[in-house]
Amino acid sequence: RGRRSGVHKAQRSGLEVVECPDAALRVHDQLSRTLHSKQAFCPFPASFPQAIVRHLKPLGLLFMLGVRNPAGEVTAAGLFPYDNGTVYLWECSSELEGREFRPNNLLHWGLMCCAVERGMTDYDMSGHGRFNKGFGGQLVAVHRWNKCYSVAARSAREVYEMLLKLNRRDNFLSRLLS
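The following paragraphs examine the structure supplied in this document. This structure is a prediction, so every number in the text was calculated from the model and none was measured. (Residues numbered from 1 in each chain as written. Predicted model: local features only at pLDDT ≥ 70, side-chain atom pairs only at ≥ 80, totals over all residues. Heavy atoms only, no water.)

Because each turn of an α-helix spans 3.6 residues, side chains separated by three or four positions end up pointing in the same direction. Relative to the 21 Å expected for 15 residues at 1.5 Å per residue, helix H2 (residues 23–37) spans 21 Å between its end C-alpha atoms, a close match to the ideal helical length. Buried within H2 are the following residues: Ala23, Ala24, Val27, His28, Gln30, Leu31, Thr34 and Leu35. Where the residues of H2 are buried, they touch helix H3 (47–56), strand E2 (62–68), strand E3 (74–83) and strand E5 (91–94). Immediately downstream of H2, the backbone of glutamine 39 shows phi near 60°, a positive value. (Helix = DSSP H or I, 4+ residues; strand = E, 2+ residues; numbered from the N terminus. Expected span 1.5 Å × (residues − 1). Buried < 20%, exposed > 50% of the residue type's maximum accessible area, 1.4 Å probe, protein only. Contact = heavy atoms within 4.5 Å.)

Glancing now at the packing of helix H1 (residues 4–12) against helix H4 (residues 103–117). Where H1 contacts H4, the axes come no closer than 8 Å and their chain directions differ by 100°. Considering the angle they form, H1 stands roughly perpendicular to H4. Contact residues: H1 offers Gly6, Val7, Ala10 and Gln11, while H4 offers Asn105, Leu106 and Trp109. Partitioned by chemical class, the residues of the contact of H1 with H4 number 4 nonpolar, 3 polar and no charged. (Axes fitted to C-alpha atoms, helices over the stretch in contact; angles between N-to-C directions. Parallel < 35°, antiparallel > 145°, perpendicular 65-115°, else oblique. Nonpolar A, V, L, I, M, F, W, Y, C, P; charged D, E, K, R; others polar.)

Right, let's talk about H1 for a bit. All of the buried residues in H1 are Gly6, Val7 and Ala10. Around the axis of H1, the buried residues are gathered within 100° of arc, so they sit on the same side. Counted as exposed and oriented over 90 degrees from the buried face of H1: Arg4 and Arg12. Those residues of H1 that are buried are in contact with H4. Directly beyond the C-terminal end of H1, a positive phi value near 90° is found at glycine 14. (Arc of directions from axis to C-beta.)

None of this, on its own, says anything about what the molecule does.
Written out as structure tokens, the structure reads:
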């Protein structure tokens, strides 16, 4: 059954997928609050999602979607760039209150419906987590390559990757021990 029951629960609860002109702001705010509650911080500034909208929306290469509850409040939002038949999950988030109604499930389902209507055949959810797996997709290995043109840039990248791994490990350990 995967995520279908979550989609149905959201629909029965009166949630609906809508275009969300302020999705960039909502994604950053909702994600920041969610991560703050877990003693973490948003990994990007508010200017990042705004730049994505500024550059991709005029080209018609961006879905800006939200999930609205019966009271008219947007409880989940997402930014989904697309091109060449593929839509990508850039980021999405939801309010902590109301998650039991599964707005994220409906957000992704609504995106898939919009993408199919525009003739897209692939959805890159950017990973293979438990949530993504529930939609029944296939994990496709992606090989990433980067080139640093200076020793300083290469060193900075190595330090960043090391700190990122330590942060992930520490977050995992703290959740495990709490």
